[in-house]
Amino acid sequence: MENVLRPLIVLVGSVLLTLLLGWLADLLLRRADARHSETPLWGLLRRCRVPLQVVVLTGLLRGTYTETAVEVVERNEAFIGHVLTLVLIAASAWLVVRIAAAVVEASYSRFAATSRDLARVRRVRTQVALVQRIVTALVAVVALASMLLTFPGMDKLGASLLASAGVLGIVAGVAAQSTLGNLFAGFQIAFGDMVRIGDTVVVDGEWGTVEEVTLTFLAVRTWDERRITMPVSYFTSKPFENWSRGGAQMTGTVFFHLDHTAPVHEMREKLHDVLRECPAWDGRDWSIAVTDTTPNTMVVRAVVTAKDADDIWTVRCAVREQLIAWLCDHHPHALPRIATSQAVPPPATHTQPDTPAQRTGRG
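Because the structure is a prediction, the values reported are computed rather than measured.

Novice: Tell me what's going on with the overall build of the protein chain, and back it up with residues and numbers.
Specialist: Summing up its helical and strand segments, the protein chain has 13 helices and eight strands in all. In the protein chain, which comprises 363 residues, the proportion classed as buried is 34%. Within the protein chain, counting contacts between residues at least 6 apart in sequence, those at least 24 apart form 63% of the total. Accessible area of the protein chain: about 21,700 Å², with a carbon and sulfur share of 60%.

This is the structure in C-alpha cells:
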C-alpha cells in the first residue's frame, strides 16, 4: 500500500501545491493591479502564471522524485533527474523572458500615456522592441549553455558559450540570424533615430508605414495593405524618404496643366473654400501660383498642409478632385486643349494638252 501512496502523495502534492501557488500569485497580482491602475505592470505580470507554475512543479518534482520509492524511478534515477533539470532550466528561461517582456511593455505604455511627442513615442517603441529581442536571445543563449553544462563531456562547450565572445557571437547568430553587419544596422536604426515604427516612408518607389522593426528585417505596410519586407541593412546603405522625420506635419503640392485663359484668381478663392471644408487640412498654410508655361498650357501649383502623411494625401486628393470639377462646370475653356485649324488645300493642277496643236498653242 505504501508503494502506491508514496508516489501519489509526491505527484498529487506537487501538482496541488503548484496550483495553489499559481492561484495565490494571480490573486495578489489582480489586487495589485486594482490598487495601482496607473501602471499596467501587475496586469501584464499575470501572463507569467503558466511559466511560474511549470517552474514550481518541475522544481518540486526535481527535489522529491527520489522519495517515490518506485522501482522504475530508482532504476532510471539519473535520467529522470537530468530531464527534470533540463525542463527546469527551460521553464526558468521562459519565466525570465515573460517577466522582462512585461516590464518593458509596462514601461513603454506608461511613457506613451504621458508623452505628447508622437515622434519620440515611436522612437522609444522601436528601441524597446529591439532591446526586448536582444534580451530574449541572450536568455535563450544562457539557458542553452546551462543545459549543455549538464551533459558529461559538454562542459567545455557550455563554458565557451557563456564566455563573453561566445555569447556575443551566438546572440548575433540567434537574434540577427545573419551577420554582425545586420546586428549593428539594427542598433543604428533603433538608437540612431533613422526610422521608427509608425514612420511614413518611401522605399523603392513604394509609399507606406513602418509596421515592424527587428534585428533582421523591417516591414513596411503600404496603402493597399501589402507588406514590404526589407533587410535592416537596406536603410543604412541606401537612400530612402522618411516623411515623418523631424515632425509629422507635411506640405503637399497639386499640379494642374491648364489653358492660358484659366482664371487663376478665381481658382485661388475656390481653393480656399475647398480647404475650409476639408477636415484633413490643418489650417497652417495654402497658396496657388503659376509655376511654369508651355506653348499650349501653363502649370498651376496648389500648396496645402496637413498634420501628417495620411492627411496630406487626403487633402491633395480632395483639392485635385474638386478644383477639376469646378473648372469643368464653370470654366471649361480653362482646361487644356489642342488648337487646330482647317488644312490648306493643295494648289490647283493644270491639265496637259491632248493634241500637238494644243501643246504648241496653234489652232
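Novice: Tell me about the environment of Val 121, residues and numbers included.
Specialist: Here Val 121 lies in helix α6 (residues 118–149). On the basis of relative accessibility, which here comes to 9%, the residue Val 121 falls in the buried class. Excluding anything up to four places from it in sequence, Val 121 contacts Tyr 108, Phe 111, Ala 112 and Ser 115.

Novice: An account of the side chain of Gln 53 is needed here, citing residue identities and associated values.
Specialist: Along the chain, Gln 53 falls in helix α3 (residues 49–64). With residues up to four places along the chain from it excluded, the contact list for Gln 53 reads Thr 18, Leu 19 and Gly 22.

Novice: If you had to explain the UniProt feature "transmembrane region" (unreviewed entry) in the protein chain to someone new, which residues and values would you point to?
Specialist: Following the UniProt record, the feature "transmembrane region" (unreviewed entry) maps to residues 6–29, 78–101, 130–151 and 157–176 here. The span residues 78–101 is 100% helical and 0% strand by assignment, and the distance between its end C-alpha atoms comes to 35 Å. In the segment residues 130–151, helix accounts for 91% and strand for 0%; the C-alpha atoms at its two ends are 33 Å apart.

Novice: Talk me through the packing of aromatic side chains; I want residue IDs and the actual numbers.
Specialist: What the rule picks out here adds up to one aromatic pair. Considering the side-chain rings of Trp 207 and Trp 313, the 6.4 Å spacing of their centres and the 25 degrees angle between planes classify their relative orientation as stacked. A residue pair is termed long-range when its members are at least 10 positions apart, and Trp 207 in strand β2 (residues 206–213) and Trp 313 in helix α12 (residues 309–330) qualify at 106 residues.

Novice: Go over the nonpolar core with me, naming the residues and quoting the values.
Specialist: Side chains that are nonpolar tend, in soluble globular proteins, to be buried together. In this structure, Phe 256, Met 267, Val 315 and Val 319 are the most contacted members of the largest nonpolar core, which totals 30 residues. Those elements that place two or more of their residues in this core are β6 (250–258), α11 (264–276), β7 (281–293), β8 (298–306) and α12. Looking at this core, the element that brings in the most residues is α12, giving eight residues. If you look at the next biggest cluster of nonpolar residues, it comprises 14 residues, including Val 201, Val 213, Val 220 and Val 232.

Calculation rules
- Residues numbered from 1 in each chain as written.
- Predicted model: local features only at pLDDT ≥ 70, side-chain atom pairs only at ≥ 80, totals over all residues.
- Heavy atoms only, no water.
- Helix = DSSP H or I, 4+ residues; strand = E, 2+ residues; numbered from the N terminus.
- Buried < 20%, exposed > 50% of the residue type's maximum accessible area, 1.4 Å probe, protein only.
- Contact = heavy atoms within 4.5 Å.
- Areas by Shrake-Rupley, 256 points an atom, 1.4 Å probe, with all protein chains shown as cover.
- UniProt positions renumbered as here; feature names shortened; annotations may be inferred.
- Phe/Tyr/Trp six-rings, centres within 6.5 Å; stacked < 30°, edge-to-face > 60°.
- Core = buried A, V, L, I, M, F, W, Y, C linked by side-chain atoms within 4.5 Å.

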